[in-house]
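Understanding the architecture of this molecule
Next come the chains, spelled out residue by residue.
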Amino acid sequence: MVVKQAFDQIGVEPLSVELGEVKLNDELTTEQQKRLDDLLQKNGFERIDDKKVRLQEKIKTLIIDTIHHKDPYDTHIQWSAFLADQLHYDYNYLSGLFSSMAGITLEQYIIRQKMEKVKEFLFYDELSVKEIAYKMGFSSVAHLSNQFKKVIGMSPTEFKKSIQNTQSRKSLDQII
């Protein structure tokens, strides 16, 4: 809505505005770009113009949306095929691009996102660790616990008991 309003204020009607992407009929003038950037920045947004950066953001958005917002989460998702299909690029290209720009592999990023979702489940304490492992597609509680300890630095049980669990949550777009 904020992005749509910003375009309305500069007098440009976008073809579509969805999931962080705006499609336009024509290119913006330099003045329109400057006004749009100012309006977006005032609302905590920024315009991303570089194609590789946009593709990296699309990858992140797909992963975050799939792990954190799809219910039920597809535990049998094959990430390489899913990302290649959704973004219409070869997975090896996507993986290489992501790694070179983010400094971590796509697999590591996906695991870190999963661990944030696990932390959320643990924080709300509605599911057992066994249920969380199943829901997140891990082969066993031991596999989940090993991944969790590797990424977070403590076991899920230790995390659950930790008084600091509210301070260890990260904004999803800051996970790298």
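1. Focus: the environment of Tyr-109
For Tyr-109, the location among the structural elements is in helix H6 (residues 106-124). Residues Tyr-109 and Gln-32, 77 residues apart in the sequence, show an inter-C-alpha distance of 35 Å. Tyr-109 has contacts with Lys-60, Ile-63, Ile-64, Phe-98, Ile-104, Leu-172 and Ile-175, leaving out every residue within four places of it along the chain.

2. Concerning the layout of surface pockets
Taken as a whole, the second largest pocket encloses approximately 290 Å³ of empty space. Around the second largest pocket, the lining is made up of 15 residues, and of these Trp-79, Glu-107, Ile-110, Ile-111 and Lys-114 lie nearest the centre. Counting only elements with at least two residues in the lining of the second largest pocket, the list comes to H6 and helix H8 (141-152).

3. What about the side chain of His-68?
With respect to the helices and strands, His-68 occurs in helix H3 (residues 51-69). Apart from the residues within four sequence positions on either side, His-68 is in contact with Gln-113, Glu-116, Lys-117, Glu-120 and Leu-172.

4. Quick word on the side chain of Lys-60
Tracing the backbone shows Lys-60 in helix H3. Every residue in contact with Lys-60, bar those within four places of it in the chain, is listed here: Phe-98, Tyr-109 and Ile-176.

5. Brief notes about the nonpolar core
Core analysis: the largest hydrophobic core is formed by 32 residues, its most contacted members being Ile-63, Trp-79, Val-118, Met-136 and Leu-144. Looking at this core, the elements that each hand over two or more residues are H3, helix H4 (79-87), helix H5 (91-102), H6, helix H7 (129-135) and H8. In terms of residue count, the dominant contributor to this core is H6 (eight residues). Beyond its immediate stretch of four places on either side in the chain, Leu-144 contacts Met-115, Val-118, Val-129, Ile-132, Ala-133 and Phe-138. With nine residues, the next largest nonpolar core counts Phe-7, Leu-36, Leu-39 and Leu-40 among its residues.

6. Notes on unusual backbone geometry
Although it is not a glycine, His-88 sits at a positive phi angle of roughly 60°. Assignment of secondary structure puts His-88 in the loop between H4 and H5.

7. A closer look at the environment of Gln-9
Note that Gln-9 resides in helix H1 (residues 2-9). On a C-alpha basis, the gap between Gln-9 and Leu-39 in space is 8.6 Å, while along the polypeptide they are 30 residues apart.

8. Regarding the packing of aromatic side chains
A full pass over the atoms with the stated rule returns five aromatic pairs. A ring pair is formed by Trp-79 and Phe-82, whose centres lie 5.8 Å apart and whose planes are at 90°; its orientation type is edge-to-face. Placement of the pair is Trp-79 and Phe-82 together in helix H4, with a separation of three residues, close to one helical turn. Plain terms: the ring middles of Phe-123 and Tyr-124 are 5.1 Å apart, the flat faces sit at 85° to each other, and that makes the pair edge-to-face.

9. Section: the packing of H3 against H6
In the contact formed by H3 and H6, the axes pass within 10 Å of each other and the chain directions differ by 35°. Note that H3 runs across H6; the crossing there is right-handed. Counted together, Ile-59, Lys-60, Ile-63, Ile-64, Ile-67 and His-68 of H3 and Leu-106, Tyr-109, Ile-110, Gln-113, Lys-114, Glu-116, Lys-117 and Glu-120 of H6 form the full contact between these two elements. A class-by-class count of the residues in the contact of H3 with H6 yields seven nonpolar, two polar and five charged.

Rules and cut-offs
- Residues numbered from 1 in each chain as written.
- Predicted model: local features only at pLDDT ≥ 70, side-chain atom pairs only at ≥ 80, totals over all residues.
- Heavy atoms only, no water.
- Helix = DSSP H or I, 4+ residues; strand = E, 2+ residues; numbered from the N terminus.
- Contact = heavy atoms within 4.5 Å.
- 1 Å grid on protein atoms, 1.4 Å probe; cavity = no way out; pocket = protein on both sides within 12 Å on 5 of 7 lines; lining within 4 Å.
- Points joined across faces, edges and corners; volume = space filled by probe spheres on them.
- Core = buried A, V, L, I, M, F, W, Y, C linked by side-chain atoms within 4.5 Å.
- Buried < 20%, exposed > 50% of the residue type's maximum accessible area, 1.4 Å probe, protein only.
- Phe/Tyr/Trp six-rings, centres within 6.5 Å; stacked < 30°, edge-to-face > 60°.
- Axes fitted to C-alpha atoms, helices over the stretch in contact; angles between N-to-C directions.
- Left-handed = near helix turned anticlockwise from the far one by under 90°.
- Nonpolar A, V, L, I, M, F, W, Y, C, P; charged D, E, K, R; others polar.

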